[in-house]
Amino acid sequence: MSVALIVLAAGKGTRMHSDQPKVLHEVAGAPLLVHAIAAGEALDPARTVVVAGHGADAVRAALAAHDSVAQVVIQAEQRGTAHAVAQAADTLGDFDGDALVLYGDTPFIRPETLGRMMEARRHHDIVVLGFAPEEPGRYGRLVMQGESLIRIVEFKDASDSERAIGLCNSGVVMAPAGLLFDLVAEVGRDNAAGEYYLTDIVGIARARGLKATAVTCDESETLGVNSRTELAAAEAAFQARTRAEALETGITLTAPETVHFARDTVVGRDTVIEPYVVFGPGVTVESGAHIRAFSHLEGCHVSRGAVVGPYARLRPGTELAEDVRIGNFVEVKNAILDEGAKVNHLSYIGDAAIGANTNIGAGTITCNYDGVNKHRTTIGADVFIGSDTMLVAPVRVGDGAMTGSGSVITRDVEAGALAVARARQEVKPGFAARLFARLRAAKDTRNEGER
Ligand code: UD1
Ligand code: MG
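The number of helices and strands found in the protein chain is 9 helices and 35 strands. Relative to a compact globule of 451 residues, whose C-alpha radius of gyration would be 22 Å, the protein chain shows 31 Å and is clearly more extended. Each principal axis of the C-alpha atoms in the protein chain carries an extent, and together these give about 105 × 65 × 40 Å. Out of the 451 residues in the protein chain, the part that is buried amounts to 46%. A total accessible area of about 21,800 Å² is found for the protein chain, and carbon and sulfur atoms account for 50% of it. Averaging the positions of the 44 positive and the 57 negative side-chain charges in the protein chain gives two centres separated by 8 Å.

A few words now on the site of ligand 1. Residues in close proximity to ligand 1 total 19 residues, the closest being Gln75, Gly80, Thr81, Glu154 and Asn169. Contact between ligand 1 and Gly80: an oxygen atom at 2.8 Å from a main-chain N or O atom of the residue. Asn169 places a polar main-chain atom, nitrogen or oxygen, 2.7 Å from an oxygen atom of ligand 1. Considered class by class, the residues forming the shell around ligand 1 number 7 nonpolar, 9 polar and 3 charged.

To continue, consider unusual backbone geometry. With an omega of 5°, the peptide bond running from Gly309 to Pro310 counts as cis. With respect to the element layout, Pro310 can be found in the loop between β20 (307-308) and β21 (312-314). Notably, Asp270 is not glycine yet its phi reads approximately 65°, a positive angle. Tracing the backbone shows Asp270 in the loop between β13 (266-267) and β14 (272-273). On the accessibility criterion, Asp270 (54% relative accessible area) is exposed. For Tyr311, which is not glycine, the phi torsion reads 60° and is therefore positive. Examined against the element boundaries, Tyr311 turns out to sit in the loop between β20 and β21.

Moving on: the packing of aromatic side chains. For the structure on display, the rule yields 5 aromatic pairs. Here the aromatic rings of Phe131 and Tyr139 are separated by 4.9 Å at their centres, their planes lie at 85°, and the arrangement is edge-to-face. Of the residues examined, Tyr139 reaches a relative accessible area of 35% and is grouped as partly exposed. Ring centres of Tyr276 and Phe294 lie 5.1 Å apart, and the angle between their planes is 5°; this geometry places the pair in the stacked category. Separated by 18 residues along the polypeptide, Tyr276 in the loop between β14 and β15 (278-279) and Phe294 in the loop between β17 (290-291) and β18 (296-297) bring together distant segments of the chain. We classify Phe294 as partly exposed; its relative accessible area is 40%. By way of ring pairs, the aromatic residues Tyr276, Phe294, Tyr311 and Phe329 are connected into one cluster. Lying across the ring of Phe155, Arg163 places its NZ or CZ 4.0 Å from the centre. In this structure, Arg241 packs its charged tip against the face of Phe108, placed 4.9 Å from the ring centre.

As enumerated under the stated definition, the model contains 15 salt bridges in all. Glu221 is the partner of Arg110 in a salt bridge, and the nearest nitrogen-oxygen pair spans 3.1 Å. Of the two residues, Arg110 is situated in the loop between β6 (98-103) and α4 (111-120) and Glu221 in the loop between β11 (212-216) and α8 (228-248); the sequence distance between them amounts to 111 residues. One salt bridge connects Glu119 with Arg122, and the closest N-O pair in it is separated by 3.1 Å. Given a relative accessible area of 61%, Arg122 falls into the exposed group. Among the ionic contacts, a cluster of salt bridges with common partners joins Arg110, Glu112, Arg116 and Glu221.

Moving on, we come to the domain arrangement of the protein chain. For the protein chain, the assigned domains are domain 1 (3-222) and domain 2 (228-419). Computed over C-alpha atoms only, the centres of domain 1 and domain 2 are separated by 43 Å. Counting residues at the interface gives 14 residues for domain 1 and 12 residues for domain 2. Across the domain 1 to domain 2 interface the summed buried area is about 1,000 Å²; carbon plus sulfur atoms make up 63%. Counting the surface domain 1 buries against domain 2, the share from its top three residues, Met16, Ala28 and Phe108, is 47%. Counting every contact that joins domain 1 to domain 2 gives 0 salt bridges. In this structure, the connection of domain 1 to domain 2 is made through 4 residue pairs in polar contact (both at pLDDT 80 or more). Broken down by secondary-structure element, the contributors of at least two residues to the side of domain 1 that touches domain 2 are β2 (26-27) and α1 (32-40). The element contributing the most residues to the side of domain 1 that touches domain 2 is α1, with 4 residues. When grouped by side-chain class, the residues that make up the side of domain 1 that touches domain 2 number 8 nonpolar, 5 polar and 1 charged.

Conventions adopted
Each chain carries its own residue numbering, running from 1 in the direction its sequence is written. Whichever chain is written first is A, and whichever ligand is written first is 1; the rest continue in order. Where totals are concerned, whole chains, interfaces and linings use all residues; where local detail is concerned, this predicted model gives features only for residues with pLDDT of at least 70, and gives and counts side-chain atom pairs only at 80 or more. Heavy atoms throughout the structure, all of them, feed into the side-chain values; hydrogens and water do not. Numbering goes from the N terminus for both helices and strands, where a helix is a DSSP run of H or I of at least four residues and a strand is a run of E of at least two. Computation of the radius of gyration draws on C-alpha atoms alone. For the globule rule, the value is 2.2 Å times the number of residues to the power 0.38. Three exposure classes are used, based on accessible area relative to the maximum for each residue type with a 1.4 Å probe and protein chains only: buried under 20%, partly exposed in between, and exposed over 50%. Residue burial considers only the protein chains on display, and all accessible areas are found by Shrake-Rupley using a 1.4 Å probe. Counted as positive: Lys and Arg. Counted as negative: Asp and Glu. His and the chain ends are not counted at all. Charged side chains are reduced to one point each, which is NZ for Lys, CZ for Arg, CG for Asp and CD for Glu. Here a residue is near a molecule or strand as soon as one of its heavy atoms is found within 4 Å of it. Pairs of N or O atoms are called polar contacts if they sit within 3.5 Å, as long as, within protein, a hydrogen donor faces a hydrogen acceptor (for residues adjacent in sequence, only side-chain-to-side-chain pairs). Under this grouping Gly is polar, as are all residues other than the nonpolar Ala, Val, Leu, Ile, Met, Phe, Trp, Tyr, Cys and Pro and the charged Asp, Glu, Lys and Arg. Between 30 and 60 degrees the pair is tilted, below 30 it is stacked and above 60 it is edge-to-face, where a pair is any two Phe, Tyr or Trp rings, Trp via its six-membered ring, whose centres lie within 6.5 Å. Charge-over-ring contacts are defined here by two conditions on Lys NZ or Arg CZ: a distance within 6 Å of the ring centre and an angle within 35 degrees of the ring normal. For salt bridges, the criterion is a side-chain nitrogen of Lys or Arg within 4 Å of an Asp or Glu carboxyl oxygen. The domain limits used here are those given by an automatic or database domain assignment. Here a residue-residue contact requires only that any non-hydrogen atoms of the pair lie within 4.5 Å. Once two parts are put together, the accessible area they lose, assessed with a 1.4 Å probe and summed over both, is termed the buried area.

Here you go:
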């Protein structure tokens, strides 16, 4: 059966106190909305429709930035969850599979849970995802009769006995798309909030003789984000789960609680990650690499046997081949380092290619920016770049070449050549001793004058 996702993301998220729409706040380097869509991708959806309202342009831009194929429809006024779903009706008018409604601020629904909802759909027209939280609070309540879901009652509209029900509505609903839009069109707004409640479709369906049921999941999956405190809690939950998974898949974390992963971080087995390492988006680390303490990586690839850090920064476009060494206080951006290359101390390598087994001396900088444009530095294999070399790009250094320490290299260096570009050293015998004597004498004269 094919599935379409309808992701509700029009709300403002007042309690975030933010100029940004709530669903664009990030957990593990990706917007909440991207997590929510990714959760639904477990069902391999044929279509994805995001219902946006507040900050719709920003939502669209964020989806594009994450290569999402989701279509965006606009709910100009937020008149309730049923009204939000109705905005997807035109776009999905020709869709004859199931629709799954998700919330853009609920990032952690597990694939296995959605699989169970799909299973339950075989025998029921509507399947709702429920959960039994420790604090049922203001959630909508699921009124069950055996396996059958009779209706959903919002907290505001519930009687005392209904409020005593522990089983709550997560908001996730699955039904045939045509039926869903049909039911949603019948929902009214005669309730405490004066809103079109999506939850009303259950009662309406029952009155038509249709069958509804609930599948339940753990509270941690339905965790929604409404405030910065909840955002931080979601981040903590993501990190805790990801660290545990990393340890289980054969990655060594010396101090797991200090390592931060992004949503898309990929690390191979037998890699060692020391304390206080932060992964931004887009990082892959092959098996058997070693990421040493206090390093920050984003948008980069680290191959087998490479050692990074301590205190290294790998920025987007960095590719380290096998056995590369990146040492302390080294920043690498948009650069490819071939097998066995070493940049061990205090360097900036940007917009560059560095050949195999080349050694870059301490303090070397690729001067890639002229104030207007960026330029490339290309260094061959088996090169020795002397300490504190400034490589003023665009510039090329051929295989097996050398540069003298402190050189400012502005012209290409051919293979096998030594380039030295610094002032020649002068030594003046006895000069320092005479100069010291003169300076001290002048100081003594000054001090006497003041007494
Ligand atoms: C909803 C459910 C409630 C459930 C709870 C779970 C209804 C009527 N109630 O209540 O049973 O326990 O979620 O968290 O559905 N949205 C729109 N457009 C709108 C209204 C909402 O896009 O016009 C989006 C919001 O951005 C949000 C989601 O739908 O992502 C839920 O809306 P919210 O206002 O938080 O619903 P609750 O009152 O929490
Ligand atoms: Mg809510």
